[in-house]
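What follows is each chain in one-letter form.
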Amino acid sequence: MHILLPPSEKKATDGDGPPLDLGSLSFPGLNPARERVLKALTRASGRKNAAKVLALPPGQADEALARNLALREAPTLPAARLYAGVLYDHLNLADLDAEAAAEQIIVFSGLWGALRLTDRVPPYRLAMAVSLPPAGRLGTLWRPPMRKALQLDDDLIVDMRSGPYASVWKAPPGRAVAVRVFRERVVGGVPKRTVVSHMAKATRGQIAHDLLKAGAAPRTPEALLKAVADLGHTAELNGANLDIVLPD
């Protein structure tokens, strides 16, 4: 089983390891694109309108730009410790077998393309939805190298990525299940479902944690549905989607 995750906007602020070494990262076929994006991000972060180009909130721009400008020299840390926020709080990596998590989780990134949890990178700020001059839209830039570099085995792919990150790499048909999260309430005697956002992150993180903690190894979407239900979640399989239903 492979679990695909988005990065988080919230990240650790400091590393404690050696400077960035692109050659040490997983998926080495992505390194030419990584170098291209890294150069473009460094240039963009030094522009007068950098905060606007990178869509940075005013209160966070100065710190984020300073980090982006120091990416080559800054201390690194493993991706397992870099990403924080709601999804990663509920993923609770500290409670999981580190080796199993590193083998099964892939984190997608606007700067690095895709990472394993053991990959060491410095703190940064770059969302996949950004158009980064002169490279252009990151989603468009990453698609060709990702198609070539991410040749995963035949294990089931559990896709928990958000839209911009899901668009840069798609699994072969029949091998992936996208996890969606809904809240169900009864209105006038009729059950109605709505998409949730904040709780979707928490729920995806919890399901990833529960699957890894249990040592689940589903090979088919139907086996994934059974594993998730056995772990106490209300779920349905709808085509290529595993829909998690939260009570009102």
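It should be noted that the structure appears before, not after, this text.
Analysis parameters
- Residues numbered from 1 in each chain as written.
- Predicted model: local features only at pLDDT ≥ 70, side-chain atom pairs only at ≥ 80, totals over all residues.
- Heavy atoms only, no water.
- Helix = DSSP H or I, 4+ residues; strand = E, 2+ residues; numbered from the N terminus.
- Rg over C-alpha atoms; globule rule 2.2 N^0.38 Å.
- Buried < 20%, exposed > 50% of the residue type's maximum accessible area, 1.4 Å probe, protein only.
- Contact = heavy atoms within 4.5 Å.
- Lys, Arg positive; Asp, Glu negative; His and termini not counted.
- Charge placed at Lys NZ, Arg CZ, Asp CG, Glu CD.
- Pairing = 2+ DSSP bridges.

**A look at the overall build of the protein**
Scanning the protein from terminus to terminus reveals ten helices and twelve strands. For the protein, whose C-alpha radius of gyration is 19 Å, the value lies close to the compact-globule estimate of 18 Å for 248 residues. Viewed in the frame of its principal axes, the protein has a C-alpha envelope of about 55 × 40 × 35 Å. For the protein, the residues scored as buried account for 50% of the 248 residues in total. Looking at the protein alone, contacts between residues at least 24 apart form 69% of all its contacts between residues at least 6 apart. Put simply, the protein has 32 plus and 25 minus side-chain charges, and the middle of one group is 10 Å from the middle of the other.

**Quick word on unusual backbone geometry**
Most of the time, phi is negative for any residue but glycine, and the peptide bond is trans. Across the junction of P133 and P134, the peptide omega takes the value -5°, indicating a cis bond. Mapped onto the elements of the fold, P134 is located in the loop between β6 (131-132) and β7 (136-137). Even without being a glycine, F27 presents a positive backbone phi close to 55°. Relative to the assigned elements, F27 resides in the loop between β1 (2-5) and α1 (31-45). Since its relative accessible area comes to 11%, F27 is described here as buried. For N92, which is not glycine, the phi torsion reads 50° and is therefore positive. Following the sequence through the fold, N92 ends up in the loop between α5 (85-91) and α6 (98-104). What makes N92 partly exposed here is its relative accessible area of 34%.

**Some points on the pairing of strand β12 (residues 241-247)**
Summarising burial for β12: six of the seven residues are buried, a large majority. As defined by bridge partners, strand β9 (residues 176-187) adjoins β12 across seven bridges and the pair is classed as parallel. Note that in β12 the partner of R183 across the bridge is L246. The sheet contact formed by strand β11 (residues 235-238) and β12 spans four bridges and is antiparallel. Counterpart to E236 in the pairing with β12 is D243.

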